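Each chain, letter by letter, is given below.
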Amino acid sequence: MCKFKSLQHQLIQQLQSFRFDHGQYPSQNLTIEIEPITLLTLLKGQENTTNTNQALYPHIYWQNKENTHTLASFGSIEALNHIPAPIEQQFYLGGVAFQQQGEQWPDFPSTCFIRPLMVFQQQNGEWQVIFHFDGNNTIDDTIKAVRSLQVPQSHSVLSLSLLSRQDIPNQQQWAELIELAIEYKALLPKVVLSRQTELSFDSNINPWDVMALWQQANINSFHYVFKFSEKRCFISCSPERLYSRHHQSITTEALAGTAPRGKTINEDQWLKQGLLHDKKIDRENHIVQEFIVASLKQLKAQVSCSPTQVMQLQNVQHLCVPIKASLPKQVQDNHLLHKLHPTPAVGGIPKLPALQFINDNEPYVRGWYAGAVGYISQRKSDISVAIRSALIEGKNIKLFAGAGIVTGSVASDEWQELDNKIGTILTILNSR
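Keep in mind that what you see is a predicted model, and the values were worked out from it rather than measured. (Residues numbered from 1 in each chain as written. Predicted model: local features only at pLDDT ≥ 70, side-chain atom pairs only at ≥ 80, totals over all residues. Heavy atoms only, no water.)

**Topic: the overall build of the chain**
1) Next: Helix and strand counts for the chain come out as eleven helices and 20 strands.
2) Next: Taking the principal axes of its C-alpha atoms as reference, the chain extends roughly 70 × 55 × 45 Å.
3) Next: Considering the chain as a whole, with its 432 residues, one finds that 58% of them fall into the buried category.
4) Next: The contacts in the chain between residues at least 6 apart in sequence include a share of 75% that link residues at least 24 apart.
5) Next: In the form shown here, the chain has an accessible surface area of approximately 18,600 Å², with 48% of it arising from carbon and sulfur atoms. (Helix = DSSP H or I, 4+ residues; strand = E, 2+ residues; numbered from the N terminus. Buried < 20%, exposed > 50% of the residue type's maximum accessible area, 1.4 Å probe, protein only. Contact = heavy atoms within 4.5 Å. Areas by Shrake-Rupley, 256 points an atom, 1.4 Å probe, with all protein chains shown as cover.)

Quick look at the structure:
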């Protein structure tokens, strides 16, 4: 506690010095070097309802899949309902929903990007706090926000008793959906159908405790939590990158095709080889790869693909083809998002008929599940596909999982794949 109070004092002193040099309404950011701090416990500390400070919302946690960039963001100085085109020091966190049209989740509009008030971050081993200013927000308000921060709170063991589970669609409806999708095979070679599994517990679910356990279970994934209000938050442990951009160079991947992990080393290797040589899975992955390459070439990018790999997670393994591209100078993040999202890995092919089929036939609202979530700045952007995700609201959590449906898909096998994909989070919640 004393250590955190000392950090607060240091930050306030630096802000006061910054005000002396740049006035009450600075137009440039202030970056302060700090000692390492556990960011998830810092975010959990702000959950103390007796000291809730609405000015500090949203609370956002982000960690890239390489674990080279982790941040905790508090508050905002700007909120946009469109994809930003940042200049200079501007930095935005946010996402776009799976579909832009139609009903959306409360708190999570079809497009939302915020410029944070303050960001605690670790990047390539360096620890900083960045205070964002745009000439409209004051030093005094920022100091007030720093003073209102509560001390970090240690993680607790989850102690939840499951009261109910509901799958939407249920297993019979799922089989009917797959049969309908296959009937459209001439017009719809692939469509990704999904399921919402809602669990109700006897007590509130703390998202920061859930994330602490989830990221330990799946290390090589994106980890993020977006909490725009007290009521609900979106949490994801996604293995899939939509794209990462550094200036005009981008990396992306075709991630499609799934097999379970084996119970022994030999079984695991056998399943991995089966994944690499399965014709149905190869076709499913190739559809995604072709879409990404064609979309990038439409933007006049120079594109190259690496050999096929297998990405192994705790419960499942995926076929993955890494892709690199060099973009023309005029291409910005909004062009990339409009072209690449949603990929056939979460939607289907052809894109528009697949999205229409999902919109007409899936019996729930996807919201930010399978959306595109991350950060955008002038120099660099990193966007994840929001799979392996959940929406937490009080004592309830909605888990999401999807499966690519092509000719040869078997309803019972695809249902089992959905269970495999939510297996890790079910184990964390002590619900299986």
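**Overview of the pairing of strand S2 (residues 59-63)**
1) Next: Counting buried residues in S2 gives five out of five residues, a clear majority hidden from the surface.
2) Next: In S2, alternate side chains face the same way, and those of His59, Tyr61 and Gln63 on one face and Ile60 and Trp62 on the other are all buried.
3) Next: In terms of strand pairing, S2 meets strand S3 (residues 69-80) through five bridges, oriented antiparallel. Counterpart to Trp62 in the pairing with S3 is Leu71.
4) Next: Between S2 and S3, which follow one another and run antiparallel, lie five residues, and Asn67 among them has a positive phi close to 60°.
5) Next: Of the strand pairs in this sheet, S2 and strand S9 (residues 223-227) are connected by five bridges, and their pairing is antiparallel. If you follow His59 over to S9, its bridge partner there is Lys227. (Pairing = 2+ DSSP bridges.)

**Overview of the packing of aromatic side chains**
1) Next: Throughout the structure, instances matching the rule amount to 21 aromatic pairs.
2) Next: Ring geometry for Phe74 and Phe120: centres 5.9 Å apart, planes at 90°, overall edge-to-face. Placement of the pair is Phe74 in strand S3 and Phe120 in strand S5 (residues 111-123), with a sequence separation of 46 residues. Here Phe74 and Phe120 have matching classes, each one buried.
3) Next: When the centroid spacing of 6.2 Å and the interplanar angle of 40° are considered together, the rings of Phe226 and Phe228 count as tilted.
4) Next: The ring of Trp415 is capped by Arg195, whose NZ or CZ atom sits 4.4 Å from the centre of that ring.
5) Next: We note Arg366 situated over the ring of Phe98; from NZ or CZ to the ring centre the distance is 4.2 Å. (Phe/Tyr/Trp six-rings, centres within 6.5 Å; stacked < 30°, edge-to-face > 60°. Lys NZ or Arg CZ within 6 Å of the ring centre and 35° of its normal.)

**Some remarks on the environment of Ser76**
1) Next: With respect to the helices and strands, the residue Ser76 is situated in strand S3.
2) Next: Placed 14 residues apart in sequence, Ser76 and Trp62 show a C-alpha to C-alpha distance of 15 Å.
3) Next: The residues touching Ser76, leaving out its near neighbours within four places in the chain, are Tyr57, Pro58, Ile114, Arg115, Pro116 and Leu117.

**Concerning the pattern of salt bridges**
1) Next: Applying the stated rule across the entire model yields 16 salt bridges.
2) Next: Two residues, Arg261 and Asp268, come together in a salt bridge whose shortest N-O distance is 2.8 Å.
3) Next: A relative accessible area of 26% means that Arg261 is categorised as partly exposed.
4) Next: Taking the relative accessible area as the measure of exposure, Asp268 reaches 11% and is therefore buried.
5) Next: In this structure, the salt-bridge partner of Arg366 is Glu362, at a minimum N-O distance of 2.8 Å. Grouping residues by exposure puts Arg366 and Glu362 together as buried.
6) Next: The structure contains a network of salt bridges with shared partners spanning Arg165, Asp167, Arg195 and Asp419. (Salt bridge = Lys/Arg side-chain N within 4 Å of Asp/Glu carboxyl O.)

**Digging into helix H10 (residues 411-421)**
1) Next: Counted residue by residue, H10 has eight buried out of eleven residues, so it is predominantly covered.
2) Next: Every buried residue of H10 is accounted for by Ala411, Glu414, Trp415, Glu417, Leu418, Asp419, Asn420 and Lys421.

**Description of unusual backbone geometry**
Excluding glycine, a negative phi dihedral is what most residues carry, and trans is how most peptide bonds are arranged.
1) Next: Residue Tyr57 is joined to Pro58 through a cis peptide bond whose omega torsion reads 5°.
2) Next: On the secondary structure map, Pro58 appears in the loop between helix H2 (39-45) and S2.
3) Next: The linkage connecting Ile349 with the following residue, Pro350, adopts the cis geometry, with an omega of -10°.
4) Next: Following the sequence through the fold, Pro350 ends up in the loop between strand S16 (348-349) and helix H9 (351-361).
5) Next: A positive phi angle, close to 60°, is found at Asn67, a residue other than glycine.

**Remarks on the packing of helix H7 (residues 279-298) against helix H8 (residues 333-340)**
1) Next: Running from N to C, H7 and H8 cross one another at 145°; their axes reach a closest spacing of 9 Å. Where H7 crosses over H8, the handedness of that crossing is right-handed. Together, Phe291, Ile292, Ser295, Leu296 and Gln298 of H7 and Leu336, Lys339 and Leu340 of H8 make up the contact between the two elements.
2) Next: Classifying every residue of the contact of H7 with H8 by side-chain character gives five nonpolar, two polar and one charged. (Axes fitted to C-alpha atoms, helices over the stretch in contact; angles between N-to-C directions. Left-handed = near helix turned anticlockwise from the far one by under 90°. Nonpolar A, V, L, I, M, F, W, Y, C, P; charged D, E, K, R; others polar.)

**Thoughts on the state of the cysteines**
1) Next: Counted under the stated rule, the structure contains zero disulfides.
2) Next: No disulfide involves Cys237; its sulfur sits 14 Å from the nearest other cysteine sulfur, which is in Cys233.
3) Next: Overall, Cys237 belongs to the buried group, its relative accessible area being 1%. (Disulfide = S-S within 2.5 Å.)

**Focus on the side chain of Glu414**
1) Next: Tracing the sequence through the fold places Glu414 in helix H10.
2) Next: Here Glu414 falls in the buried class, since its relative accessible area comes to 4%.
3) Next: When residues no more than four places from it in sequence are discounted, the contact partners of Glu414 are Trp174, Ile178, Lys280, Ala403, Gly404, Ile405 and Ser409.

**A look at H7**
For the α-helix, the turn length of 3.6 residues means that residues three or four positions removed from each other point alike.
1) Next: In this model H7 runs 28 Å from its N-terminal to its C-terminal C-alpha over 20 residues, within 8% of the 28 Å that 1.5 Å per residue would give.
2) Next: Looking at H7, one finds that the buried residues are Ile281, Glu284, Asn285, Ile287, Val288, Gln289, Phe291, Ile292, Val293, Ser295 and Leu296.
3) Next: Where H7 begins, the capping side chain belongs to Asp278, and its oxygen is found 2.9 Å from the backbone nitrogen of Ile281.
4) Next: In the segment just after H7, Lys300 is the residue with positive phi, at about 65°. (Expected span 1.5 Å × (residues − 1). Polar contact = N/O pair within 3.5 Å; in protein donor to acceptor, adjacent residues only side chain to side chain.)

The analysis is restricted to geometry; functional conclusions fall outside its scope.
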